[in-house]
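Coordinate analysis (summary)
As a plain string of letters, each chain reads:
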Amino acid sequence: MARQALIAPSILSADFARLAEEAAAVGGPDGADWLHVDVMDAHFVPNLTLGLPVVKSLRKATEIPLDCHLMIENPDRWAIGYAEAGAYNVTVHAEAAGDPVKIAKDLRAAGAKAGLSVKPGTPLESYVDVLKHYDTLLVMSVEPGFGGQSFMPEVLDKVRTARRLVDTGHLTLVVEIDGGINADTVEQAAEAGVDCFVAGSAVYDGKDPGKAVRALRRQVLDARR
Ligand code: DX5
Ligand code: ZN
């Protein structure tokens with residue numbers, strides 16, 4: 001699978017009272033490829049954010065494909081609803097999933113891409129066979145739960161391993177990274193083989209979110225030259 005340069009702004013750092021406008025701020029032809037939606041349940045992670053009703057509304061408010069990152073317990077029960085709500089990609093956590101192969105099959109049957117995420121301390125090795133059923137791999141480069149944390153470069157070894165498995169045809173996956181991606185860290189992630197870059201604070205904390213998306217994509221493409 002050819003390497004991609006997808007930018008997925010995370011609305012975790014956006015103004016939750018103005019989500020439609022915040023989505024529009026990163027829209028347009030050279031804007032966000034995916035809109036990353038962080039669902040947190042205050043159990044799998046200490047934080048609480050938003051859930052299915054908000055995703056349903058957001059789906060109607062923007063044309064940007066929704067990339068739902070479920071940081072929740074029991075995704076076996078809840079993930080399917082996000083696919084049925086029209087999410088483009090639904091990512092569950094490997095640490096929370098009871099039967100990750102069944103989850104992937106259900107998500108795909110409901111018309112979504114299936115994503116598997118690993119926390120910084122979770123090794124990839126145990127999931128290589130499971131990942132044959134998935135479309136995206138989300139490598140966490142911070143402990144999930146909060147935006148604005150510092151990038152953990154040690155997770156790039158997992159990115160390199162995943163990239164190798166994709167480039168040698170063992171897996172067919174979009175390799176995605178999430179946490180601490182900004183102008184200072186995006187290049188090392190690009191060099192390690194990431195296809196899709198989630199960025200929350202780097203996009204929404206500044207004055208011009210659309211410009212930040214374009215700048216990140218430019219850095220990714222330049223780093224690969
Ligand atoms: C953290 C979330 C991230 C978060 C990233 O648990 O999964 O998507 O929004 O925020 P930044 O880019 O600020 O690290
Ligand atoms: Zn996320």
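Residues numbered from 1 in each chain as written. Chains lettered and ligands numbered in written order. Predicted model: local features only at pLDDT ≥ 70, side-chain atom pairs only at ≥ 80, totals over all residues. Heavy atoms only, no water.

Focus on the site of ligand 1
Our working definition: The rule for a residue being near a molecule or strand is that one of its heavy atoms must lie within 4 Å of it. What qualifies as a polar contact is a pair of N or O atoms within 3.5 Å, subject to a donor-acceptor requirement within protein and to the restriction that residues adjacent in sequence count only when both atoms come from side chains. Using the Shrake-Rupley algorithm and a 1.4 Å probe, accessible areas are obtained, with residue cover drawn only from the displayed protein chains. Helix numbers and strand numbers start at the N terminus; a helix is a DSSP run of H or I with at least 4 residues, a strand a run of E with at least 2. Residues are sorted three ways: Asp, Glu, Lys and Arg are charged, Ala, Val, Leu, Ile, Met, Phe, Trp, Tyr, Cys and Pro are nonpolar, and all the rest, Gly among them, are polar.
Residues in contact with ligand 1 amount to 20 residues; listed here are only the nearest, Ser10, Gly145, Asp178, Gly200 and Ser201. One of the side-chain N or O atoms of aspartate 38 is found 2.8 Å from an oxygen atom in ligand 1. Protein burial of ligand 1: of its 380 Å² of free accessible surface, 100% is covered by the chains. Of all the elements in the fold, those that place two or more residues in the shell around ligand 1 are strand E2 (35–40), strand E3 (66–71) and strand E8 (196–199). The biggest single contributor to the shell around ligand 1 is E2, with 3 residues. Considering only residue class, the shell around ligand 1 consists of 8 nonpolar, 10 polar and 2 charged.

Digging into the coordination of the zinc ion (ligand 2)
For clarity, the cut-off: In this listing, donors mean N, O and S atoms no farther than 2.8 Å from the metal, or 3.2 Å for Na, K and Ca; water is missing from the atoms, so a site can look incomplete. Just to be clear on the cut-offs, tetrahedral is four donors with all angles between 85 and 135 degrees, square planar is four donors and octahedral six with opposite donors over 155 degrees apart and all others between 65 and 115, and anything else goes down as irregular. Residue exposure (1.4 Å probe, protein chains only): buried if accessible area is under 20% of the type maximum, exposed if over 50%, otherwise partly exposed.
Summarising the metal site, the zinc ion (ligand 2) is bound by the protein donors His36 (NE2), Asp38 (OD), His69 (ND1) and Asp178 (OD), whose distances to it range over 2.0 to 2.3 Å. Classification of the site at the zinc ion (ligand 2) rests on its 6 donor atoms, whose angles at the metal span 71 to 171°, yielding the label octahedral. As a motif over one chain, the donors of the zinc ion (ligand 2) read H-x1-D-x30-H-x108-D. Overall, histidine 36 belongs to the buried group, its relative accessible area being 0%. On the basis of relative accessibility, which here comes to 5%, the residue aspartate 38 falls in the buried class.

Observations regarding the sheet that holds strand E7 (residues 174–178)
Stated precisely, the cut-off is as follows: A pair of strands counts as paired when DSSP detects no fewer than two bridges linking them. Geometry is summarised by axes, namely lines fitted to C-alpha atoms with helices restricted to the contacting stretch, and by angles between N-to-C directions that run from 0 to 180 degrees. Throughout, a contact is declared for two residues whenever any of their heavy atoms are within 4.5 Å.
Here we have 8 strands laid out as an open sheet, ordered E1-E8-E7-E6-E5-E4-E3-E2, and parallel in their pairing. Each end of this open sheet is capped by a strand with a single partner; those strands are strand E1 (6–9) and E2. Averaged over neighbouring strand pairs, the angle between their axes works out to 25° when direction is ignored. Of the strands in this sheet, E2 and E3 touch helix H2 (residues 52–61), which is tilted by about 170° from E3.

Observations concerning the nonpolar core
Considering soluble globular proteins, one finds that nonpolar side chains tend to be buried as a cluster. Stated precisely, the cut-off is as follows: We define the nonpolar core as a collection of buried residues of types Ala, Val, Leu, Ile, Met, Phe, Trp, Tyr and Cys that are connected through side-chain atoms lying within 4.5 Å of one another.
In this structure, Tyr134, Ile177 and Phe197 are the most contacted members of the largest nonpolar core, which totals 67 residues. Among all residues touching tyrosine 134, those that are not within four sequence positions of it are Val92, Pro100, Ile103, Ala104, Arg108, Ala114, Gly115, Leu116, Thr172 and Leu173. Among the nonpolar cores identified, the runner-up in size contains 9 residues, and Leu6, Ala8, Trp34 and Val174 belong to it.

So, the environment of glutamate 84
Turning to its location among the elements, glutamate 84 is positioned in helix H3 (residues 75–84). Look at glutamate 84 and you get exposed, because its relative accessible area is 60%. Expressed as a C-alpha distance, the spacing of glutamate 84 and glycine 111, which sit 27 residues apart in the sequence, is 7.6 Å.

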